[in-house]
Amino acid sequence: MLQVVECMKYSPLVIALTQFEAVSMSLLSQVYSSTSYDKNKERIYFQIHSKKASISKGRFCSLLHLAVDSSVISHDFITTTQIFSMLYEMGYTDVLTTIAEVKKSCLPSQWNGLLTLLIKGLAERSAGSDGTSKGFLTILYGLYNGINLDYGSTIWSQVVQSLNTSTRQSEISCGRFWTLITRRAIDTLEVPVMKDALIAS
């Protein structure tokens, strides 16, 4: 597992897995609770300190140092068949017919560990469930095959999906990414920052 972590230091996801900004919880909550998403424009709108702000998918990806240009391969081009072939090459032990059947526990320990790291680091979920999603398996596919995948769009989808959680008013999903968005808004709009309880890194 240590070798997997060491390799991730040189992956295109290193910033996405580690970047964090210390911002006040009051401003972070204000941003997250006021958000709305425009699917057509691929832009999230929110308010901070009574000021309107927004962030586009492209700007979000740039915060993570991830490309969104024509050089990257869309995750839509990665098929279920390709993902299954990867899993079998890794040593997956069960027969698969649907993504919903994929279990992390059927992977050898190093690949199970990497997939768990991705889920914890990018979605900030406990990863206690044995299942996963096509999004994370697609990210795993990109890393495993060393292709220039559009990782940014997949992570952006996770952030947008976090706005639909039933615990949105009491829990900030994908909180680390929201610290980046909030810090950018603070700096861009020159929002006055009061002393407050900061989110620990």
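Bear in mind the structure is a predicted one, so any value in this text is a computation, not a measurement.

Novice: Mind showing me how you'd approach the overall build of the protein chain here?
Specialist: The number of helices and strands found in the protein chain is nine helices and three strands. A total of 201 residues make up the protein chain; the buried ones form 41% of that total. Sequence separation of at least 24 residues holds for 63% of the intrachain contacts in the protein chain that already meet a minimum separation of 6. For the protein chain, the accessible surface area stands at approximately 10600 Å², while carbon and sulfur atoms represent 52% of it.

Novice: It is not clear to me how the packing of helix α6 (residues 109-123) against helix α7 (residues 134-145) should be interpreted in this structure. Could you clarify?
Specialist: Helix packing for two helices is described by the angle between their axes and how far apart those axes are. At a minimum axis distance of 10 Å, the contact between α6 and α7 shows a crossing angle of 120°. Considering their axes alone, α6 and α7 lie oblique with respect to each other. Note that α6 runs across α7; the crossing there is right-handed. Facing α6, whose interface residues are W111, L114, L115, L118, I119, L122 and A123, α7 presents F136, L137, I139, L140, L143 and Y144. Taken together, the residues of the contact of α6 with α7 break down into 13 nonpolar, no polar and no charged.

Novice: What am I meant to see in the pattern of salt bridges here?
Specialist: A side chain with one charge may pair with a side chain of the opposite charge, provided their charged atoms come close. All chains considered together, the criterion is met by three salt bridges. Residue K57 is joined to E42 by a salt bridge in which the shortest nitrogen-to-oxygen separation is 3.3 Å. Residue K57 is located in helix α4 (residues 57-63), and its partner E42 is located in the loop between β1 (36-38) and β2 (43-48); the two are separated by 15 residues in the primary sequence. Residue classification places E42 among the partly exposed positions, given a relative accessible area of 34%. The residue D187 makes a salt bridge to R183 at a minimum N-O spacing of 3.5 Å. With a gap of four residues between them, D187 and R183 both fall in helix α9 (residues 175-189), about one helical turn apart. One network of salt bridges, with partners in common, ties together E21, R183 and D187.

Novice: What should I look at first to understand the packing of α7 against helix α8 (residues 151-162) in this one?
Specialist: Two elements in contact, α7 and α8, have axes separated by 10 Å at closest approach and are oriented at 160°. Classified by the angle their axes make, α7 and α8 are roughly antiparallel. Crossing of α7 against α8: the hand is left-handed. Facing α7, whose interface residues are G135, F136, I139, G142 and L143, α8 presents Y151, T154 and Q158.

Novice: Whenever I open this one, α7 confuses me. Can you help?
Specialist: Helical geometry: 3.6 residues make up each α-helical turn, so side chains three or four residues apart lie on a common side. If you check α7, its first and last C-alpha atoms are 16 Å apart, about what 12 residues at 1.5 Å a residue would give, namely 16 Å. Among the residues making up α7, those that are buried are F136, L137, T138, I139, L140, Y141 and G142. Where α7 is buried, its residues contact α5 (80-90), α6 and α8. Once α7 ends, the next one or two residues include G146, with phi positive near 65°.

Novice: Help me out: how do you make sense of the sheet that holds strand β3 (residues 51-56) in this one?
Specialist: Pairing between the strands of a sheet is mediated by backbone hydrogen bonds and can be parallel or antiparallel. Overall, antiparallel pairing links the three strands, which are arranged β1-β2-β3 in an open sheet. Whereas interior strands pair on both sides, the edge strands pair on one side only; in this sheet they are β1 and β3. Averaged over all neighbouring strand pairs, the angle between strand axes comes to 30°, with direction disregarded. Of the pairings in the sheet, the one linking β1 to β2 comprises three bridges and is antiparallel in character. Paired with S36 across the strands is Y45, a residue of β2. Of the strands in this sheet, β1, β2 and β3 are in contact with α8, which crosses β2 at around 50°.

Novice: Whenever I open this one, the nonpolar core confuses me. Can you help?
Specialist: Looking at soluble globular proteins, one finds that nonpolar side chains tend to be buried together. The biggest cluster of nonpolar side chains holds 56 residues, and the ones touching the most others in it are L13, F60, L87 and W178. In contact with W178, not counting residues within four places along its chain, are L28, V31, Y32, T35, I44, V159, S162, L163, I172 and S173.

Cut-offs and rules
- Throughout, residues of each chain are indexed from 1 in the direction in which the sequence is written.
- Local features in a predicted model are, by the rule used here, given only for residues with pLDDT of at least 70; side-chain atom pairs are given and counted only at 80 or more, and totals for whole chains, interfaces and linings are based on all residues.
- To obtain the side-chain values, all non-hydrogen atoms of the structure were included, while hydrogens and water were left out.
- Starting at the N terminus, helices and strands are each numbered in turn, a helix being any DSSP run of H or I of at least four residues and a strand any DSSP run of E of at least two.
- We call a residue buried when its accessible area falls under 20% of the maximum for its residue type, exposed when it is over 50%, and partly exposed in between, using a 1.4 Å probe and counting protein chains only.
- Any two residues having at least one pair of non-hydrogen atoms within 4.5 Å are treated as being in contact.
- Shrake-Rupley sampling with a 1.4 Å probe provides the accessible areas, and residues are treated as covered by the protein chains on show and by no other component.
- Think of each axis as a best-fit line through the C-alpha atoms, taken over the contacting stretch in the case of a helix, with angles from 0 to 180 degrees between the N-to-C directions.
- Our angle categories are set so that under 35 degrees counts as roughly parallel, over 145 as roughly antiparallel, 65 to 115 as roughly perpendicular, and the remainder as oblique.
- Left-handed describes a crossing whose near helix is turned anticlockwise from the far helix by less than a right angle; the clockwise case is right-handed.
- Residue type decides the class: Asp, Glu, Lys and Arg count as charged, Ala, Val, Leu, Ile, Met, Phe, Trp, Tyr, Cys and Pro as nonpolar, and the leftover types, Gly among them, as polar.
- Every case where a carboxyl oxygen of Asp or Glu lies within 4 Å of a side-chain nitrogen of Lys or Arg is listed as a salt bridge.
- A helix is expected to reach a length of 1.5 Å times the quantity of its residues less one.
- Note: two strands are recorded as paired if DSSP finds a minimum of 2 bridges between them.
- Each nonpolar core is a collection of buried residues, namely Ala, Val, Leu, Ile, Met, Phe, Trp, Tyr and Cys, held together in the definition by side-chain atoms within 4.5 Å.

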